Amino acid sequence: MSLYAQTASYAQMPYQGQGYGPTVVPPNPYYAPPPPVPQPVFHLDANTFRRDYMTRLANLTVNSRPIIQTLSMIAQDYNRYADVVVQCIEQHLRRVPPWMKLPSFYLLDAISKNVYDPYARSFTPIVVRLFLDTYEAVDQQTRSKMEEMLLTWRTGSPNGRELFGVVSQVAIERHIWGGESTQSTPGGRDGGSSISQAQVLSELEFVLGQKERVLLASPHDELTKHHISILQQLRGMVQAGVPQRDLQAILTQLRALTTPSSSPPPPAPAPASYPAAPSYSQLPPIPAPPIAPQPPYQSQPPYPMAFEQPQQEPVDLTRLLPPVAPVATTSVPSAPIPDISGIFSALVRAGVVSTTGTPTGAGTSSKPEEPSQSADPESQARQAYRKAIMSVKIKLTSSDVSKHRPRIVETLYERLPTQCKQCGSRFSDDTIGKKQFEDHLDMHFRQNRKATQAVGRGHSRSWFVSLEDWISSNSVDVKGKGRADGRTVSSKVVAAEEAAKREAELRAMFVVVPPGDEAKPISCPICKEPLKSEFLEDDEEWVWRNAVKKDDRIYHATCHAEATASKSSLAVRLRNERPSRSRSRTPEKATPPRVHAPLNGDSRKSETPTPSRLAGMKRKAEDDHTVTVKREGDVPQAKRVAT
Amino acid sequence: MDTSENVNVHTRKWVLQAESEYRFELDPSATLAIKLVSGHAEIFGAELAEGKVYLFGQECKAAVFTWLGCAIEMSHPSVEYVSDETPMAVYANVHLALEQMRVRALAAVHGLPIPEDEGDDTAGADPPRVLVLGPENSGKTSVCKTLANYAVRAGQDWVPTYVNVDPSEGAWSVPGAISAAPITAPIQTSSPASALGTTATSAPNHVSSNALLPLSYWYGHAEMRRNPLLMDRLIRNLGENIRDRYEGDTAGRCSGLIVDTPASFAASSGTGGDHRLTMIKACVDTFQINVILVVGHEKLNVEMQRTYGNRMAVLKIAKSGGVVELDAAYRERIHKYQLHTYFYGHVIEPPVGITSRGYVQAGEQTPDQTMHLSPLSASVNFGDIVIYRIGEETMAPSSALPIGAARVVSEMQPLVVDPTLGGSGLYNAVLAILAPPNPDESERYDEEILDLPVVGYIAITALDVPNRRMTVLSPSPGSLTGKTAIVGSFEWQE
């Protein structure tokens, strides 16, 4: 059975996307280039096989798909030596430094899933310890990758059950998500709960990832888009904190969603079966709170997050639960599609998703209906607003402003019926408003994700922007789109982006390694750092990355470009330097220092670059030198928050 | 009538009638949690999300107002009461009138006819540029905040510029600064240390008014009378740069600006009486003010009517009955909170007995993750920073000098402070780090320091004179982004 055919079965796994996902870059840039992958050879005895397999494993230092494939293919061919393979992998995993562990786990994962028998069985006794020990040792990013992998194990076996059996699965999950308080999410506050917020979030993340990949495959799948936006909202809700009962319900439904994912291929679920419309129209009539004095104002059901079970609320938690509960109690979840709409309708009832569908009630009376077909909906909306505002009879005089009843409710509320449940921002219910609302929810999602990713990392007040940036930054963007993080696109930032792009292009350049030279170490004449070689799968060739060949010498493309630029144009150099000084955030990191560093080292270490290049370079090196030294002097131990 | 009932021992529920507000005041150590149970409510124009638990602290004094009625549930603050007499209707009318000006300005930019212009026919197409004046404790800042928040809530992509020329307020950074910032999302209220939102941090923020990018100048003192000439100059610098920005920013220009002023602009008696008119004139000129709002001050209103009434709209608006008389000690404490929050951020602990998750502080969903800041304590050489003081520390007013005598040191002269000398006054001083001066040496001038904006603030926490080094608290890691600093009269207290 070919491996390629098999991979389809876990095509939804995150690292399957592009050759086992983003390559894990080892922190040490000096690792030896892996030799070309040889064909499997035949072994006669277990010892020879063990030696050979160990040697091959040693090459698995980066997340390289070919190596993992080869190793798992060998494992498949020699399944009579399964125990040896298992031992080798365990030894290897225990021996290598943390940054090398993930690829080996991917191998373990690949072998167990693709070959399954007897490997899954053989790994079962050791996998819990191995996983947890590794999990302890690695950094946060790798951890989340491992969590993703762990989630795929739930349904990883050919019959859709736990890959290493339910006992192992539960043992690992309980350990990393269970009552631990290391996750500093608010969920940690109620001790002794059976489900932690971190776990739900992690699973949500996973399902979301799956859906996003489905969307990538078929970008026009409105249903999946919809699901994603629901899941994102759900995430925000969970992050904000939901009661234990809800966590349970959400988890059950999420699991129901993931269970069948291994059998049907990724292409989206049939949209026809999605009962969207009914779930809207079934929205129960909301009892208006007794205090609502004006008919056009429509109240929304209170958000089911309580100080302590407010009993007198017109709509209560129980409203969220009924549609969820039946699913939660059934032991075998049925098809996935009704389930997500189950979540969805629950959300609608909970008021998390409010007017994504047909607008209900007030809000449209103040302005004319906008036929979305005609000209430009945006300018139409503006015109409608202009009309509405100008129709208010008010003069800017002391008597006029105190005499009238303000027509403010219309402006602030009725025109904008869609409200974000996270922050209270409002949006109109026309197409523009919907778009803005989507972007706005995305923003919350992104910021939440950033916040969870940055847990434990200290934040700090940024320096203010420079005067030029302040003047030239444009304030077109508003609450809808991204820049709630305060970043405004300015000329400097654009310049920095361009520089980064240029650098990426340079780094993508390569020179084919002449045959036979694969193992020969070679350094860039400018920076004296070794050139990295890597294997191009498509071309089946070894190449030096970030390299150019000039006059029979191989340079780093970035070094060479920098040297040429500094030789030819003072202006270019100045432009590259300035952003790193005057920019407000992440001052020294963003732009060109990576390019500078080699030059820097060069003129300090070696005294003999070509004179023509030296003129332009030396001064710069000195500049950088002073900056660096000063920083070293300036920055001793970080002072942590005291309060 | 408004009713309240105890939900349990820790929380109470209030039902507010339309157009009434619930006011609260907190003691120094107290915190408060408020949740909107149903209906719509807002705090100084920023709408609350239903069901979210909002936290308040650091002696916050604020009010939850409702246009349509609402029910809120909260823990017990130090002082609380409900009032149905608010000037919100007036503020809302002012907002609508300003909104008309914005709409007209934008239409003029796009060359569109104004439809059914039933408003003020005589008005041109100028966007609103509002100066808010008023005596102490009249709620000027609340008015400014409400107007700015209503503007951004219109959903028209308005980006009003909020200008704060009250150095005792400090606005987005530390007290002693005067600044301007474009506002893109409602300014949240949670603590008087960040009454107008906060400046950007490296943390991911949900509400852009918590990640503001201000243009800031450092005056360095709390009172205007300390150095009115400097103040005048800084105000004009601010105005000039705002005008520069507007040239490339139509949306921002049409949204207009709102200028919050210190109470000393309105003081009708005492010292600085002659200065305040100069200051008002500086603001009117440089910000091209076309609307003056006088909050609760009859005499000033008349004065402004006489001076500017023929050129622009001058309105008297009522002050809210909710404003609290604040004493000097309170303002001192707020300054301390502000400085501390600038460096360390501030996370408000939920009050005891509230068992809920997902608190919101100033609109931020995960305050415990994003509102803790870690400044950096670093040791620098005396030579690394050149510290100036503007004018002499104790300066008699010019009128007190003998007739014919000229000042040796002018009020505007930057003097280098030598840290090695005793009595340099640098220990525990708050310094403003200035943007680098013009790289072109020929463009430099003596008083350029007065015109450089601030890139950040540091505090000197230790001086080691023998080794010529000092320890500074810097807001973020990395090198100080400038080498020039100004010292004012604010002190850092850990």
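Residues numbered from 1 in each chain as written. Chains lettered and ligands numbered in written order. Predicted model: local features only at pLDDT ≥ 70, side-chain atom pairs only at ≥ 80, totals over all residues. Heavy atoms only, no water.

Chain B appears in an unreviewed UniProt entry as Polynucleotide 5'-hydroxyl-kinase GRC3 from Ganoderma sinense ZZ0214-1. We quote the UniProt Subunit (unreviewed entry) comment for chain B here in full: "Component of a pre-mRNA cleavage factor complex. Interacts directly with PCF11." What UniProt records for chain B under Subcellular location (unreviewed entry) is the sentence "Nucleus". (UniProt positions renumbered as here; feature names shortened; annotations may be inferred.)

In the nomenclature of an unreviewed UniProt entry, chain A is known as CID domain-containing protein of Ganoderma sinense ZZ0214-1.

Novice: Can you help me understand empty space enclosed by the protein in this one?
Specialist: Any empty space left between the atoms is revealed when a probe the size of a water molecule rolls over them. Residues and elements named next belong to chain B. All chains considered together, the criterion is met by 18 cavities of 30 Å³ or more. Of the voids in this model, the second largest cavity is the one considered here, and its volume is about 180 Å³. The wall of the second largest cavity is formed by 19 residues, among which Thr198, Thr341, Gly345, His346 and Met371 lie closest to the centre. Of the residues assigned to the lining of the second largest cavity, the class counts are 4 nonpolar, 14 polar and 1 charged. (1 Å grid on protein atoms, 1.4 Å probe; cavity = no way out; pocket = protein on both sides within 12 Å on 5 of 7 lines; lining within 4 Å. Points joined across faces, edges and corners; volume = space filled by probe spheres on them. Nonpolar A, V, L, I, M, F, W, Y, C, P; charged D, E, K, R; others polar.)

Novice: Just to check I follow, could you spell out the packing of aromatic side chains for this structure?
Specialist: Working definition: an aromatic ring pair is given by the centre-to-centre distance plus the angle between the planes. Scanning all chains against the criterion turns up 22 aromatic pairs over all chains. On the basis of an interplanar angle of 45° and a centroid distance of 5.4 Å, the ring pair of Phe427(A) and Phe437(A) is categorised as tilted. On the criterion of sequence distance, the pair formed by Phe427(A) in strand E2 (residues 426-427) and Phe437(A) in helix H19 (residues 431-453) is long-range, its members being 10 residues apart. Phe437(A) matches Phe427(A) in its accessibility class, with the two residues each being buried. Between Tyr162(B) and Trp172(B) the ring centres are 5.7 Å apart and the planes differ by 85°, which places this aromatic pair in the edge-to-face class. (Phe/Tyr/Trp six-rings, centres within 6.5 Å; stacked < 30°, edge-to-face > 60°. Helix = DSSP H or I, 4+ residues; strand = E, 2+ residues; numbered from the N terminus. Buried < 20%, exposed > 50% of the residue type's maximum accessible area, 1.4 Å probe, protein only.)

Novice: Sorry, what's going on with unusual backbone geometry here?
Specialist: Most of the time, phi is negative for any residue but glycine, and the peptide bond is trans. That bond from Asp117(A) to Pro118(A) is cis: its omega, 0°, falls within 30 degrees of zero. Note that Pro118(A) resides in the loop between helix H5 (101-114) and helix H6 (119-137). With phi around 60°, Asp157(B) is a residue other than glycine that occupies positive phi space. Mapping Asp157(B) onto the fold places it in the loop between helix H2 (140-153) and strand E12 (161-164).

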